[in-house]
Amino acid sequence: MLEPALSPEVLAAVGSGRPVVAMESTIFSNLGLASPFNAEALDRCVAAVRAGGAVPAVTAVLDGVPRVGLDDAEHGRILGRGRKAAERDLAVAIGQAWPFGATTVSASVALAAAAGVRVFATGGIGGVHRGAEITGDISADLDALAHHPVITVCAGAKAFLDLARTLEYLETVGVPVLGWQHDWFPAFYTRSSGLRVAHRVEAGAEVAAIFNARSRPDSGVLLTAPIPAQDELDPTMLDEILRRALSDCDGAGISGAAVTPFVLGRIAEATGGRSIPANLALAENNARVAAEVAVAISRADA
Ligand code: PSU
Ligand code: MN
């Protein structure tokens, strides 16, 4: 079974019930943000978690070992070329001793749960892809949220996905979707997708109380925090860019796990410099909110 190696700092924090925030490694690898912005994103997220009074725990598979919490010297390794590892790929990454398996949301949530870490911060989650009624392409992130006892903090999901179906899917599999001081499901670069979240929350203690009242002990909660207002991108410009990115994806015959990295790459190109500061700001904001929630969870357990 999955038995991740915890860094000494994470092991000590989990053992004594102190707040910990897990993070994924795909966004910091070549599959997520371009260099040197990936390093900046990692630094800012780690700093935001620490400033909020929690211990950061980056997840990855390094040399075939599933890890929760890396030391500063190892952080450099996840900035390089990774092989995308969703939850089902963890076993393969371990069995085949991959040098660097870059964990997605589903893999990170599985690793966090196995390590006893209950809060996880990311940028955006995967979801139901547009056209999923034909292709069947639904991110494993959604089932992972339903099957691991972890609170995932994200800025919603990018609008290249079918966000309405993504919310329907989360309802079907029983994942509460909460809006952090906000009524709308965020669309990553923009504060609102135009779709309402089921429930709004104002503070970490409220999220902790909701988490502790779940009917299924192995299920999670999705907490969506919108990008800070001053960092939001223009929704009309984004619509056009997304339309082109998706048609390029079709034209190139891309499918399966390659879809998300391909579309992300096209969006980054097409928005020029503008998407990067927005991406960094929302990731940092999620790390900050996640730390607040982790502190509340730790207090509720004390
Ligand atoms: N969406 C983003 N940025 C990302 C991802 C999604 O805006 O980096 C990554 C995350 O690691 C997420 C994964 O878990 O892509 C989902 O991939 P797929 O659609 O293949 O499940
Ligand atoms: Mn997919």
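What counts and what doesn't
- Residues numbered from 1 in each chain as written.
- Chains lettered and ligands numbered in written order.
- Predicted model: local features only at pLDDT ≥ 70, side-chain atom pairs only at ≥ 80, totals over all residues.
- Heavy atoms only, no water.
- Core = buried A, V, L, I, M, F, W, Y, C linked by side-chain atoms within 4.5 Å.
- Buried < 20%, exposed > 50% of the residue type's maximum accessible area, 1.4 Å probe, protein only.
- Helix = DSSP H or I, 4+ residues; strand = E, 2+ residues; numbered from the N terminus.
- Contact = heavy atoms within 4.5 Å.
- Phe/Tyr/Trp six-rings, centres within 6.5 Å; stacked < 30°, edge-to-face > 60°.
- Lys NZ or Arg CZ within 6 Å of the ring centre and 35° of its normal.
- Polar contact = N/O pair within 3.5 Å; in protein donor to acceptor, adjacent residues only side chain to side chain.
- Axes fitted to C-alpha atoms, helices over the stretch in contact; angles between N-to-C directions.
- Parallel < 35°, antiparallel > 145°, perpendicular 65-115°, else oblique.
- Left-handed = near helix turned anticlockwise from the far one by under 90°.
- Nonpolar A, V, L, I, M, F, W, Y, C, P; charged D, E, K, R; others polar.
- Pairing = 2+ DSSP bridges.
- Right-handed = clockwise from strand over helix to strand, strands pointing away.

A. Local environment of the nonpolar core. Within the largest apolar cluster, 59 residues are counted, with the highest numbers of intra-cluster contacts made by Val117, Ile125, Leu222, Val263 and Ile267. Ranked by residues supplied to this core, first place goes to helix 5 (residues 105-115) with 7 residues. Once you skip the residues sitting within four places of it in the chain, Ile125 turns out to touch Val105, Asp141, Leu142, Leu145, Thr152, Cys154, Gly156, Ala157, Leu161 and Leu222. Grouped together as the second largest cluster of nonpolar side chains are 43 residues, Met23, Phe28, Ala60 and Val119 included.

B. Region of interest: the packing of aromatic side chains. Under the defined criterion, the tally for this structure stands at 1 aromatic pair. Between the aromatic rings of Phe188 and Tyr189, the centroid separation amounts to 4.9 Å while the plane-to-plane angle is 85°, which identifies the pairing as edge-to-face. In this pair, the class of Phe188 matches that of Tyr189, namely buried. Looking at Arg83, its charged tip hangs above the ring of Trp98, at a distance of 3.9 Å from the centre. The ring centre of Phe188 lies 3.7 Å from the NZ or CZ of Lys158, which sits over that ring.

C. Just the side chain of Ser106, in detail. With respect to the helices, strands and loops of the structure, Ser106 is situated in helix 5. Among the polar contacts made by the side chain of Ser106, one reaches the main-chain amide nitrogen of Glu87 at a distance of 2.9 Å.

D. Representation of the packing of helix 9 (residues 204-211) against helix 12 (residues 275-301) in the model. Closest axis-to-axis distance for the helix 9/helix 12 pair is 8 Å, and the angle between their directions is 55°. Classified by the angle between their axes, helix 9 and helix 12 sit oblique to one another. As for how helix 9 packs across helix 12, the hand of that crossing is right-handed. Within the contact between the two elements, helix 9 uses Gly204, Ala205, Val207, Ala208 and Phe211 and helix 12 uses Glu292, Val293, Ala296, Ile297 and Ala300. Looking at the contact of helix 9 with helix 12 residue by residue, the class counts come to 8 nonpolar, 1 polar and 1 charged.

E. Geometry of the packing of helix 7 (residues 140-147) against helix 8 (residues 163-172). Packing of helix 7 against helix 8 leaves a shortest axis separation of 10 Å and a crossing angle of 30°. Viewed along their axes, helix 7 and helix 8 adopt a mutual orientation that is roughly parallel. Viewed along their axes, helix 7 and helix 8 form a crossing whose handedness is right-handed. Listed contacts from helix 8 to Leu142, Asp143 and Leu145 of helix 7 are Thr166, Tyr169 and Leu170. For the contact of helix 7 with helix 8, the residue count by class is 4 nonpolar, 1 polar and 1 charged.

F. Layout of the pairing of strand 2 (residues 20-23). Burial along strand 2 is two-sided: the residues Val20 and Ala22 and Val21 and Met23 are all buried. Relative to strand 3 (residues 55-62), strand 2 runs parallel, the two being bridged by 4 bridges. Looking at the pairing, Val21 lines up with Pro56 of strand 3. Assessed by its sense of winding, the connection that carries the chain from strand 2 through helix 2 (residues 37-51) to strand 3 is right-handed.

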